[in-house]
Structures are given as structure tokens and as C-alpha cells.
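# Results of the structural survey
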Amino acid sequence: MTTTNDNTNQTYLIRGADIVGAGRHDMVLQDGVITQLGQVDAPSGAVVVDADGLVALPGLVDLHTHLREPGREDAETVATGSAAAAAGGFTALLAMANTNPVTDTAEAAEHVYDLGQRAGLVDVHPVGAVTKGLAGEELAELGLMHRSRAAVRVFSDDGKCVHDARLMRRALEYVRAFDGVISQHSQDPRLADGQACCHEGELSGRLGLPGWPVVAEEVIVARDVMLARHTGSRVHVAHVSTAGSVEVIRWAKAQGIKVTAEVTPHHLMLTTDLLADYDPTFKVNPPLRPDKHVRALRTALVDGTIDAVATDHAPHARHDKEHAFAEAAFGMLGLEQALQVVNTVSRVDDGLDWAAVADRTSAAPARIAGLGDQGRPLQVGEPGNITLFDPDARAVVDAAASHSLSRNNPWHGHTLRGQVVATFLRSRATVLDGKVIS
Ligand SMILES: [Zn+2]
């Protein structure tokens, strides 16, 4: 797909949006930045976007996206994943390293970065592998990836845990020099091996599925925060799924340990009960958990123990997902519905206000990933990275309508609250009237 986005120099007047942090104003976007805020007259030639009733948020930043290119372009490409991201209100994403080949060299990182630039819909920042080939045996070229054009700052073997404590320690020490961060997939492989596909509990016993106990996550989170304390480095806990992990992270933050954490939309809303019909759409790693964990995750997102919402968008081709539950691939889509899910569950149930939503979906992830021009407050002179969201819309999710090449959408048929109406990347519209501009 070639994107012909010819509105680079277009001026936009966003009329009457409820701007997070600023109140209800007009906003002019020009030459990449916000040039005016307040009550303004339309500059000549400006495209006027009626934003009455819409909330304006800083463009969303996803710390955890699987784009599948190179290697599995039948499931997703950088271009299609970028379109799904823009449709979901994102202006930047971090593309996980478990592609084929793995993003474990400077060249591989630059390749993904360049594909993102070419697609032009969101800033695509490659995540570098921590270990060569994700094999867990030898550190990858962390320094070279950082010094590459892709300027990699986030490293992860996601899909696998950096399980060797000595390697994890060395990785943490290595990235400290450039304020990098190790994003850990916390799964002790002895307590939850590759077969473990369902929360270990009453239901896994009844369904006869190999269980994934919460402690397999919690012991790694506990170990890693101690390694972060020892090294003075930053560790990031990917896709937190248990109440015990939340407790450990809360404790670690109170000690001043440099730990951050993310939660996925699906772990905020869906529970393990959905597995009763063995529908592989709901097979994900870490697995969906019982309600008490879901509630702990929502509380932690509100109180800031969990810093960010990250999608773990994991597209899979039909033939990889349509198997008996135990054999199906792990993962579900997440980019297009992330903000809707946050608006549906956390705002309604827990009173997450818009400033907190902006922090958890944009400012905090940008800060964790070291993206200076993303997650910025919506003020004059700041980059025009903006999402316009209708918080009261009701939308029934249709998996077939996705911009992703894959259809493993756990929200299919759900009515979610809210709808992304427009997205701007450096003042250029990537989505208008809910449609991706390509
Ligand atoms: Zn993971």
C-alpha cells in the first residue's frame, strides 16, 4: 500500500473541542504545530473541523504493538498496522521485536523505522530485542540499535521472558547509559511454560486446559524490580495481569525503584469466564484473569500504579487462530478499540478523568519510551499530535471493518462507548470523520 497523504500543508481549524487541560476552545493546526488556541477566526483556506461535543486529547502512544512485518505480512504489515493505529487515535507506536527476522540489529531496526516513515500515518519506533534471536542466551546489539537512525530506547524479548537473571541484570546495566528501558514479558517459563494457555484456577481444571498461574508473572516482576533497584536502571512491566503484580509494583514505586507498568485494554475489561466456549479469540498471553484481578488493574490504572495503557495488538492470520484452543496462537487485536475500552470501563466504573486518560494513553507512554515530541500538552507551539474523540457515541464493533489484516478482534459484537473522529500527526490529518486518509 502506498500512502498518498497530500494534506501536509493544510491548515485546520478545530472548532469548539473540549481540550484536555485547557477547556473548550478553538484550535488552529499549521506547519506541524498548534498555532492558536482560544476563540479564533478561520485562517484563509483552513479546513474547519466541527468538534462540538468532542474531546481533544494528545495523540495516543502505544508502548506495545505487534506489526508482524517482516515475516508475517499475511497477518499485518507496518502500513496496515499504522492505519489501524491511526483509526484508534494513535500518533506513535512501539513495534515489538518478535518479527522474522527478529529486530536485534541496527539494520533490522532501521528497516522497520523506514517502513513506518513510508506508511506515514503514525510514528513507528522499533523495539529492539534484548537477546539475539530472542533466544535468551546472548545480549543483542543494544548500543548499535540505540545509535542507529531508529534511535532505539525500548528493548524487549516480548513473547518470551528474559528469564536468565544474570542476562537481565546486564541488559539493565547496559541501557542505563542512554536512559533506555527493558520492557519485560514477565512469565517464569518453569511455572508457566509454552503450553500454559489459560488462567490457572477452577475454570482451567474444568476445561482441561494447561494453567498459567498468577505467581509465574509475580515472581518475575518481583525479581526484576529488585534488579532495577540494584542497577539503578529502568524496568517496564509489560501487560500486567494480576493483583499480586500490582502490589509488587506499588511497593517498588514507594521505594523509589524505577519501575513503570502497562495494562492492556483486554485485561481491563475481559475475564477468564469468556473461555467457557473454547473460543480461541480469547486466547492471549498473559491470559485473561478472574474479576478480582481485573478490578485491581482498573484501580491501579486510576491511582497511577500502572502508568500506561498499551494494546499488545497481536494480529493473527485466520489459519493460525482457528484451531482447537490449546493449539491456537496467542493474542488479540487492540489498536482500534483501545480508547473506547478505556472510556467504557475505567471512566464509567472508576472515574478516570480526562487528564488521567491523557496521561495514561499518551503522556506516560511517551515519557517511558523517551519520545520527546509525543504526549505533549495541547498548547500553542506544541506538536499538532491530536485525537478528537466523541465520548458519548455508541459503536457496535464489527471485526470485518478493521484496518488490520487480521480479524481476531475480542470486541466483535460488543457495544463500546465512544468513537475516534479524527487524528492529526504533526498537524496533518491521518483520520477525518472516522476515515483513515490514505
Ligand atoms: Zn508479552
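Keep in mind it's a predicted model, so treat the numbers as computed, not measured.

### A closer look at the coordination of the zinc ion
Bound to the zinc ion are the protein donor atoms Asp158 (OD), His185 (ND1) and His239 (NE2), situated 1.9 to 2.2 Å from the metal. Each donor residue of the zinc ion lies on one chain, and together they are spaced D-x26-H-x53-H. With Asp158 in the loop between strand S9 (154-155) and helix H4 (165-176) and His239 in the loop between strand S13 (234-237) and helix H7 (243-254), this residue pair connects regions lying 81 residues apart in the sequence. For the residue pair Asp158 and His239, the accessibility class agrees, reading buried in each case.

### Thoughts on a nonpolar patch on the surface
Nonpolar side chains collect at one region of the surface, where Leu191, Val215 and Val219 lie side by side and expose about 200 Å² of accessible area between them. Relative to the helices and strands, Val215 is located in helix H6 (residues 214-231).

### A closer look at the packing of H6 against H7
At a minimum axis distance of 9 Å, the contact between H6 and H7 shows a crossing angle of 15°. Between H6 and H7, the angle is such that the two are roughly parallel. Note on packing geometry: the crossing formed by H6 with H7 is right-handed. Seen from H6, the contacting residues are Glu217, Glu218, Val221, Ala222, Val225, Met226 and Arg229; seen from H7, they are Gly244, Ser245, Val248, Ile249, Trp251 and Ala252. Split by residue class, the contact of H6 with H7 holds eight nonpolar, two polar and three charged.

### Describing the domain arrangement of the chain
For the chain, the assigned domains read domain 1 (12-55 + 383-436) and domain 2 (59-377). Between domain 1 and domain 2, the C-alpha centre-to-centre distance is 25 Å. Approximately 3,300 Å² of surface area, both sides summed, lies buried where domain 1 meets domain 2, with 61% of it carried by carbon and sulfur atoms. Summed over the shared surface of domain 1 and domain 2, the result is two salt bridges. The interface formed by domain 1 and domain 2 holds 21 residue pairs in polar contact (both at pLDDT 80 or more) in total. Counting residues per element, the ones that place at least two in the side of domain 1 that touches domain 2 are strand S16 (386-396), strand S17 (415-425) and strand S18 (428-432). Looking at side-chain class alone, the side of domain 1 that touches domain 2 contains 17 nonpolar, 13 polar and four charged residues.

### Let's talk about the sheet that holds strand S14 (residues 259-263)
Pairing in this open sheet of five strands is parallel, and the strands run S9-S10-S13-S14-S15 from one edge to the other. In this open sheet, the two strands that pair with only one neighbour each are S9 and strand S15 (308-309). As judged from the two bridges shared by S9 and strand S10 (residues 181-184), these two strands associate in the parallel manner. Opposite Val154, over in S10, you have Val181 as the bridge partner. Each of S9, S10 and S13 is contacted by H4, which is oriented at about 145° to S10, the strand it contacts most.

Cut-off values and rules
Residues numbered from 1 in each chain as written. Predicted model: local features only at pLDDT ≥ 70, side-chain atom pairs only at ≥ 80, totals over all residues. Heavy atoms only, no water. Donors = N, O, S within 2.8 Å, 3.2 Å for Na, K, Ca; no water. Helix = DSSP H or I, 4+ residues; strand = E, 2+ residues; numbered from the N terminus. Buried < 20%, exposed > 50% of the residue type's maximum accessible area, 1.4 Å probe, protein only. Patch = residues over 30% accessible without salt bridge, like charges linked within 9 Å, V, L, I, M, F, W, Y side chains within 5 Å. Areas by Shrake-Rupley, 256 points an atom, 1.4 Å probe, with all protein chains shown as cover. Salt bridge = Lys/Arg side-chain N within 4 Å of Asp/Glu carboxyl O. Axes fitted to C-alpha atoms, helices over the stretch in contact; angles between N-to-C directions. Parallel < 35°, antiparallel > 145°, perpendicular 65-115°, else oblique. Left-handed = near helix turned anticlockwise from the far one by under 90°. Contact = heavy atoms within 4.5 Å. Nonpolar A, V, L, I, M, F, W, Y, C, P; charged D, E, K, R; others polar. Domains from an automatic or database assignment. Buried area = accessible area lost by both parts, 1.4 Å probe. Polar contact = N/O pair within 3.5 Å; in protein donor to acceptor, adjacent residues only side chain to side chain. Pairing = 2+ DSSP bridges.

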